[in-house]
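The lines below spell out each chain.
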Amino acid sequence: MKSLIIDTTRKIAKILIDNDGKKSVTDMSDKVKHSEGLFLYLEKALFEAHMEIGDFDNFCGVVGPGSFTGIRVGMSVIKGFNKALGKVIVPLNVFEVLSYGIKNGTILLNSTSTTLYKAVIQNHKVESMDVIQKDAVKDISGDIFVLKEEQDELGLEYNNIRVIADYSSYYFEALADKLEKNAGSFEPLYLQVSQAEKNLK
């Protein structure tokens, strides 16, 4: 199976390739906007994997939660490839991916300066997703998991904080399981309204 996975929901975007079991991961620089650098990094990833975009059996896009612009960029690219090539298209969300490395606990991802995306994980399954205020973290019991690249930005200092350092392999596991089941609808996962929508209100 040949799969292309694109995740532009976080500050550091990822391009992951599975070429019949030979897996590779390309992280974009956090200094480059997703909208400006995604195709350059994708070209680099394809070159290093000795593949062309038409070689893939399926395209997988991470649909959220995360940056509103990032979600749209990644999904637009996947939809464009799908329209041109008619491959299988698979949606994943970030919490589904991370749950493959967490049996029980709460995952927190950066959202805005005052809010966090939150997911409760039980037996490696996402039980609930929500948006919380940062000052509500103190009320969470059990282990709290954050991404290493977001640790400093979140600024959370609690004894129950656990850091997720390398989670690239979880994308491939999540995709394999999704392909065995109903892939689901390829729609963006927004847990809160964008700042533009807030301003309109």
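Attention in this report is confined to the structure presented alongside it. Note that the structure is predicted; figures quoted are calculated from it, not measured.

Calculation notes
Residues numbered from 1 in each chain as written. Predicted model: local features only at pLDDT ≥ 70, side-chain atom pairs only at ≥ 80, totals over all residues. Heavy atoms only, no water. Pairing = 2+ DSSP bridges. Helix = DSSP H or I, 4+ residues; strand = E, 2+ residues; numbered from the N terminus. Axes fitted to C-alpha atoms, helices over the stretch in contact; angles between N-to-C directions. Contact = heavy atoms within 4.5 Å. Buried < 20%, exposed > 50% of the residue type's maximum accessible area, 1.4 Å probe, protein only.

### Section: the sheet that holds strand β2 (residues 14-19)
In any sheet, the strands associate via hydrogen bonds between backbone groups, in a parallel or an antiparallel arrangement. Judged by pairing direction, the sheet is mixed, and its five strands sit side by side in the order β3-β2-β1-β4-β5 without closing on themselves. What marks the edges here is a single partner per strand, and that holds for β3 (22-27) and β5 (88-92). Geometrically, the sheet is characterised by an average inter-axis angle of 15° between neighbouring strands, direction not taken into account. Pairing geometry for β2 and β3, over six bridges, is antiparallel. Paired with Asp18 across the bridge in β3 is Lys23. Strand contacts of helix α5 (residues 168-180): β1 (2-7), β2, β3, β4 (58-62) and β5, with the helix running at about 120° to β5, the strand carrying the most contacts.

### Topic: the pairing of strand β6 (residues 104-110)
Within β6, six of the seven residues are buried, which leaves it mostly tucked inside the rest of the structure. As defined by bridge partners, β6 adjoins strand β7 (residues 115-122) across seven bridges and the pair is classed as antiparallel. Bridging from a neighbouring strand, Leu108 pairs with Lys118 of β7. Following β6, the chain reverses through four residues before pairing antiparallel with β7. Pairing between β6 and strand β9 (residues 144-147): two bridges, direction parallel. Within β9, the position partnered with Ile107 by the bridge is Phe145.

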